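Here is how the chains run, residue by residue.
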Amino acid sequence: MSRCKLIAGNWKMNQTASQAGTLIQALKAEFPACNSCCSQGPDVLVFPPFTSIAAVLQEAGTCLQVGAQNVHWASSGAYTGEISTAMLKELGVSYVLIGHSERRQYFGESDETVNRRLHAALKAGLKAVVCIGETEQERQLGLTNCVLEHQLRWGLNQVSATDMQQVVIAYEPVWAIGTGKTASNADAQAAHAFIRSLLGTLYGQSCAEAVRILYGGSMNAGNAAGLLAQPDIDGGLIGGASLKPADFASIIRAAKQ
Ligand code: PGA
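Residues numbered from 1 in each chain as written. Predicted model: local features only at pLDDT ≥ 70, side-chain atom pairs only at ≥ 80, totals over all residues. Heavy atoms only, no water.

S.K.: An account of helix 8 (residues 185-203) is needed here, citing residue identities and associated values.
M.R.: Between its terminal C-alpha atoms helix 8 stretches 26 Å, which fits the 27 Å expected from 19 residues at 1.5 Å a residue. On its buried side, helix 8 packs onto strand 5 (127-132), helix 7 (144-155), strand 6 (167-171), helix 9 (205-210), strand 7 (213-216) and helix 10 (224-228). Looking at the residues trailing helix 8, positive phi occurs at Gly204, about 95 degrees. (Helix = DSSP H or I, 4+ residues; strand = E, 2+ residues; numbered from the N terminus. Expected span 1.5 Å × (residues − 1). Contact = heavy atoms within 4.5 Å.)

Structure (structure tokens):
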């Protein structure tokens, strides 16, 4: 089955609203005809900080899709510092990022909170990119598949096969994020194939074949083509390189080939 590739930029805690507008203008200048179109692909998505979402939406037009870096499970209430699905939907956000390893590492995110956020997003009609990945130590101990299976099973707990049409999985080995160390094409492909086979067990073959699985972790203009050529790698979740218009555009072009 051919899956339309998805190139997503995770800006993390970078770019004020005015900087974000300038960054999108520069990105548009790099690829003027970037409208997502499956026959040519790829879909392009960015996750700005909450405060820059409106500026990005205004500048982007139909050029790319915009997501938020997190979402809370409650519809409203006493949750200082959190953001609701309704707040994001009213802005025009179409995706949310859930369970990024920095959220897990620094903010106590667990598979249970990932799952709660995911259910809230899906119920609100938002698409979700759910991140999973092993640490360096877990890889060295041979626990990679075990960790991926645990995070996937609990993160997707009680999510239906129909809802999986709105879910993208991002495989992000923690040791590769922001470090300049990238998983080899073969190691990344092996992890993606494992994730797809597990999705097959959980949801059946046709659902598993339709779910997009992104690679994240120091993907850049130099290594993108090799990673994106792997049969189970359907795109990238890109941090550092997504803040550099020429590099991000080059990754997008690599996904077209
Ligand atoms: P990186 O970040 O590309 O800077 O490694 C990826 C991510 O955190 O999603």
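S.K.: For the site of the ligand, give the residues involved together with the corresponding values.
M.R.: Near the ligand, the surroundings consist of 13 residues, among which Lys12, His100, Glu172, Gly178 and Ser218 are the closest. Between the ligand and the protein, one listed contact pairs an oxygen atom with a side-chain N or O atom of His100 at 2.6 Å. Between the ligand and the protein, one listed contact pairs an oxygen atom with a side-chain N or O atom of Glu172 at 2.6 Å. In the complex, the protein chains occlude 95% of the 280 Å² of accessible area that the ligand would expose alone. Of the residues in the shell around the ligand, the class split is 4 nonpolar, 7 polar and 2 charged. (Near = heavy atom within 4 Å. Polar contact = N/O pair within 3.5 Å; in protein donor to acceptor, adjacent residues only side chain to side chain. Areas by Shrake-Rupley, 256 points an atom, 1.4 Å probe, with all protein chains shown as cover. Nonpolar A, V, L, I, M, F, W, Y, C, P; charged D, E, K, R; others polar.)

S.K.: Outline helix 7, supporting the account with residue identities and numerical values.
M.R.: With 12 residues, helix 7 extends 16 Å between its outermost C-alpha atoms, agreeing within 8% with the 16 Å of an ideal straight helix rising 1.5 Å per residue. Those residues of helix 7 that sit buried are Thr144, Val147, Leu148, Gln151, Leu152 and Gly155. One side of helix 7 holds all its buried residues, which, seen down the axis, span an arc of 120 degrees. Tucked into the core, helix 7 has its buried residues touching helix 4 (101-106), helix 5 (111-123), strand 5, helix 6 (136-140), strand 6 and helix 8. (Buried < 20%, exposed > 50% of the residue type's maximum accessible area, 1.4 Å probe, protein only. Arc of directions from axis to C-beta.)

S.K.: Can you explain the pattern of salt bridges? Please cite residues and give values.
M.R.: Evaluation of the coordinates by the stated rule reveals 15 salt bridges. Asp234 is paired through a salt bridge with Arg3; the nearest N and O atoms lie 2.8 Å apart. One end of the pair, Asp234, is in the loop between helix 10 and strand 8 (235-238); the other, Arg3, is in the segment before strand 1 (6-10), and 231 residues separate them in sequence. The exposure class assigned to Asp234 is buried, which follows from its relative accessible area of 3%. (Salt bridge = Lys/Arg side-chain N within 4 Å of Asp/Glu carboxyl O.)

S.K.: Now, about the environment of Val114: what can you tell me, with residues and values included?
M.R.: Mapped onto the elements of the fold, Val114 is located in helix 5. Sequence-wise, Val114 and Gly155 are 41 residues apart; in three dimensions their C-alpha atoms are separated by 5.6 Å. Ignoring anything within four residues of it in the chain, the contact list for Val114 reads Ile98, Gly99, Arg104, Glu109, Val130 and Gly155.

S.K.: Can you tell me about the pairing of strand 6, naming the residues and giving the values?
M.R.: Within strand 6, 5 of the 5 residues are buried, which leaves the element mostly enclosed by the surrounding structure. Alternating residues of strand 6 divide into Val167, Ile169 and Tyr171 and Val168 and Ala170, and every residue in both groups is buried. For strand 5 and strand 6, the ladder comprises 5 bridges, and the chain directions are parallel. Residue pairing in the sheet places Cys131 in a bridge with Ala170 of strand 6. (Pairing = 2+ DSSP bridges.)

S.K.: A description of the nonpolar core should follow, citing residues and the corresponding values.
M.R.: Ranked by internal contacts, the top residues of the largest apolar core, which has 67 residues, are Leu64, Ile169 and Leu199. At 7 residues, the largest contribution of residues to this core is made by helix 8. Among all residues touching Leu64, those that are not within four sequence positions of it are Ile24, Leu27, Val44, Val46 and Val56. The next biggest cluster of nonpolar side chains, apart from the first, holds 12 residues, and it includes Ala8, Val129, Ala170 and Leu237. (Core = buried A, V, L, I, M, F, W, Y, C linked by side-chain atoms within 4.5 Å.)

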